[in-house]
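Structural overview for review
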Amino acid sequence: QLQLVESGGGLVQPGGSLRLSCAASGGTLDYYAVGWFRQAPGKEREGVSCISSSGGSTNYADSVKGRFTISRDNAKNTVYLQMNSLKPEDTAVYYCAAAGSCLAPKDGYDYWGQGTQVTVSS
């Protein structure tokens, strides 16, 4: 059973940066696309970014394009989300999840992590 664990969240000032990690255990991420999602209080969980199993294809929500970068290191069984120029509206719990394809709908992701809190505030 694949297990995902997010890390790297925290409190950061507006304009700052964080790098989130999504580490897998109990199996390999090699055959999975991995997405990052976020959920702010009172809002639905939304997709932020996704990377294909090979790493050759990525996509981003319009709200984070040009600021966030997703990457993966299959040798380390880990996917990263580099977040720059953070804004208060980026505050949310961030989750990673694995699916067969980045085309999968949110409820099509097979495995989810427990989430990591990101707070952007001065």
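See the structure printed just above.
The structure contained in this document is the topic of the report that follows. Counting restarts for each chain, with residues numbered from 1 along the sequence as it is written. Per-residue local features of the predicted model are confined to residues with pLDDT of at least 70, and side-chain atom pairs are confined, for both listing and counting, to 80 or more; whole-chain, interface and lining totals are unaffected and use all residues. The basis for the side-chain values is all heavy atoms of the structure; hydrogens and waters are excluded.

With 5 bridges joining them, strand S1 (residues 3-7) and strand S3 (residues 18-25) adopt antiparallel strand pairing. The partner of Glu6 across the bridge, within S3, is Cys22. Only strands that DSSP links by at least two bridges are regarded as paired with each other. Numbered from the N terminus, helices here are DSSP runs of H or I no shorter than four residues, and strands are runs of E no shorter than two. In the sheet, S3 pairs with strand S8 (residues 78-83) via 6 bridges, with the strands oriented antiparallel. Within S8, the residue paired with Ala23 across the bridge is Thr78.

For the rest of this paragraph, the subject is the nonpolar core. Judged by nonpolar contacts, the single largest core of 27 residues is most densely connected at Leu4, Trp36, Leu81, Met83 and Tyr94. Secondary structure elements with two or more residues in this core: S3, strand S4 (33-39), strand S5 (46-51), strand S7 (68-73), S8, strand S9 (92-99) and strand S11 (116-120). As used here, the term nonpolar core means buried Ala, Val, Leu, Ile, Met, Phe, Trp, Tyr and Cys residues forming a set that is joined through side-chain atoms within 4.5 Å. Buried, partly exposed and exposed residues are distinguished by accessible area as a fraction of the type maximum, computed with a 1.4 Å probe on protein chains only: under 20%, between the cut-offs, and over 50%, respectively.

The next point concerns the sheet that holds S1. Reading across from one edge, S1-S3-S8-S7 is the order of the 4 strands in this open sheet, with antiparallel pairing throughout. The strands lining the two open edges of the sheet, one partner per strand, are S1 and S7. On average, adjacent strands in this sheet sit at an angle of 15° to one another, irrespective of strand direction. Pairing of S7 with S8 involves 6 bridges; the strand directions are antiparallel. Bridge assignment links Asp73 to a residue of S8, and that residue is Thr78. Axes here refer to lines fitted to C-alpha atoms; in helices the fit is confined to the stretch in contact. Angles between the N-to-C directions go from 0 to 180 degrees.

Moving on, we get to unusual backbone geometry. The backbone of Asn77 shows a phi angle near 55°, a positive value even though the residue is not glycine. Examined against the element boundaries, Asn77 turns out to sit in the loop between S7 and S8. Of the residues examined, Asn77 reaches a relative accessible area of 13% and is grouped as buried. In the Ramachandran plot, Ser85 falls in the positive-phi region, its phi being about 50° despite a non-glycine side chain.

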